[in-house]
Amino acid sequence: MPSSWGKIFKVSTFGESHGEAVGVVVEGVPAGIPIRLDEIQKDLNRRRPGQSKLTTPRDESDTVRVLSGVFEGKTIGSPIALIVNNQNTISKDYENLRETFRPSHADYTYQTKYGFRAHVGGGRSSVRETIARVAAGAIARMILEDDLGVKTVAWVDTIGTISSEIAESKYPQTREDVDVNEVRCPDTQAADKMRSLILQMKEAGDSVGGIIRSASYNLPPGLGDPVYDKLDGDIAKAILSIPACKGFEVGSGFSGTLLTGSTHNDEFYVEEGSGRVRTRTNNSGGLQGGISNGETLVVRAAFKPTSTIFKKQNTVNIDGKETTLEAKGRHDPCVLPRAVPIVEAAINLVLVDAYLYQRAMNPQWFQKWAKIPDYYRDLKL
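Since we're looking at a predicted model, the values are computed, not measured. (Residues numbered from 1 in each chain as written. Predicted model: local features only at pLDDT ≥ 70, side-chain atom pairs only at ≥ 80, totals over all residues. Heavy atoms only, no water.)

## Let's talk about the sheet that holds strand 7 (residues 80-85)
Across a sheet, paired strands are connected by hydrogen bonds in the backbone, their directions being either parallel or antiparallel. Judged by pairing direction, the sheet is antiparallel, and its 5 strands sit side by side in the order 1-2-3-7-4 without closing on themselves. Looking at which strands have only one partner, the edges of the open sheet turn out to be strand 1 (4-5) and strand 4 (64-68). One ladder, built from 2 bridges, connects strand 1 with strand 2 (residues 10-15); its direction is antiparallel. In the sheet register, Ser4 faces strand 2, and the bridge partner there is Ser12. (Pairing = 2+ DSSP bridges. Helix = DSSP H or I, 4+ residues; strand = E, 2+ residues; numbered from the N terminus.)

In C-alpha cells form, the structure reads like this:
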C-alpha cells in the first residue's frame, strides 16, 4: 500500500483511525531549520475533531510528539518522526460494519482489493490519516514562509447550494481571517447560512458537501516542470488523495471553458519599480505549462457529502447479499471546516518539494528568489 509522497521532501505516513497512533516520517529536510512545535500543534488543532458543534463529537486532543530528527529546536538532517496517539476510540460502534459495506465509503473497494480490512472507524481510509499530512505540512509551511515568504490560505467557498461572495481582490490573507467563525468562511453572512444548513443536516442524520478555495501568495516563478511533473498535476494528485475529495480546479477551471482565448489569456506586463514580469489577470491561477509564473496560485477542491450518515440505506454485505444499514458512531455532517487545514497542508507539501528540487537544480534561482533566512547564515560550515 503506497504511503509515501515527494521527491526530496519525502513524507511517509502510518496508522489507522482506531489503531494506537497515527504519524509521519519526513525525509529531506535540511539541517539547521527551526522547528516550532507550537505551530505544528496549532495546525493540528484546526484539523482535530470535536472542535465545534459542526464536527464529529469524537474528542481528541491530537497532541503531537517529535520522536527524532530535531535537536534543541532545529532539524539535524536525519528523518523527522512525528506521532499522535489515538485516545478516544469507541470501536464497538463499528461492529455492525464488520460484514456490511457503507454506501459510497471505501469499505467495499478496500475489501475487494486487499481481502481484509480494519472495519473500525474506516481504518487506513479514514480522514484521521490526514493528521500525518497536516503535521508534515506544517513543517513544509514553515520552510516556505521562512525561505520564500509563501503563504497558503484556504477557506470554505461553498456548502451545498450556499456560495460565498468573496472577490479575488478580497481573498483572505491570513488563516486568522479564515478562522473568524467555525465554518471557516470569511463571508460572515454566507457563513451563518452555511452553519444553519450543517446543523440542519446533523439533526436529520444526513450530510452535505461543498468546495474549498485556496490561495498561495508570493509564490516565485519557476517551480514545477512540464509534462509529467507539472506543478498543477502534483497538486491535483495531492488534493484528490484527501478523503471525500471528488474534484479539483486551478485558476478559471471549468468556468474557463465558457470564455474565448482572447478573454481568457493572461496578458503580460512589466511591473513598474520591480521590473518583474506580471500578468494583468490570473485566469491561469498562477501556473502556465505546469510551472509557476509568479502570480497567486488559486485552486478549488470539491468535497462530497460525508458517506457515513444515520439514515437507513440499502447496501450489501460481505457475502454479496442485499441488506440495510443504519450506521452508528461519530461522524462529521460536513467535512469542509476541518478539511481547510488539510487542503493547505497538501498544497504546502507539493510546493516545498518543488522548491527544494528547484533549489538543488538551479542555485542561481535560489539566490534570486529566496530570502535566505538568518538560520542558513548561522550554520557552522
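## Re the UniProt feature "binding site: FMN" (unreviewed entry) in the chain
The sites that carry the UniProt feature "binding site: FMN" (unreviewed entry) are, in the present numbering, Arg124, Ser125, Ser126, Gly289, Lys304, Pro305, Thr306, Ser307, Thr308 and Arg330. Among the structural elements, Ser125 can be located in the loop between helix 2 (107-114) and helix 3 (130-148). Its relative accessible area of 23% is what places Ser125 among the partly exposed residues. When residues no more than four places from it in sequence are discounted, the contact partners of Ser125 are His105, Ala106, Tyr110 and Pro243. (UniProt positions renumbered as here; feature names shortened; annotations may be inferred. Buried < 20%, exposed > 50% of the residue type's maximum accessible area, 1.4 Å probe, protein only. Contact = heavy atoms within 4.5 Å.)

## Observations regarding the environment of Ile242
The residue Ile242 is located in the loop between helix 6 (231-240) and strand 11 (245-250) in this model. Through-space distance from the C-alpha of Ile242 to that of Cys334 is 14 Å; in sequence the pair is 92 residues apart. Among residues more than four places away in sequence, those in contact with Ile242 are Arg133, Phe303, Ile342, Val343 and Ala346.

## Section: the packing of aromatic side chains
Counted according to the given criterion, the structure contains 5 aromatic pairs. Taking the centre distance of 5.6 Å and the plane angle of 70° together, the rings of Phe101 and Tyr108 count as edge-to-face. Pairing Tyr355 with Phe366 gives two aromatic rings, centres 6.4 Å apart and planes at 35°, and the pair type is tilted. Taken together, the residues span a long stretch of sequence, with Tyr355 in helix 8 (residues 336-361) and Phe366 in helix 9 (residues 363-369) at a distance of 11 residues. Judged by its relative accessible area of 11%, Phe366 falls in the buried class. One aromatic cluster is present, built from ring pairs that chain together Tyr355, Trp365 and Phe366. The lysine or arginine in question, Lys113, covers the ring of Tyr114, its NZ or CZ lying 5.5 Å from the ring centre. Arg359 extends its terminal NZ or CZ atom over the ring of Phe366, reaching a point 4.8 Å from the ring centre. (Phe/Tyr/Trp six-rings, centres within 6.5 Å; stacked < 30°, edge-to-face > 60°. Lys NZ or Arg CZ within 6 Å of the ring centre and 35° of its normal.)

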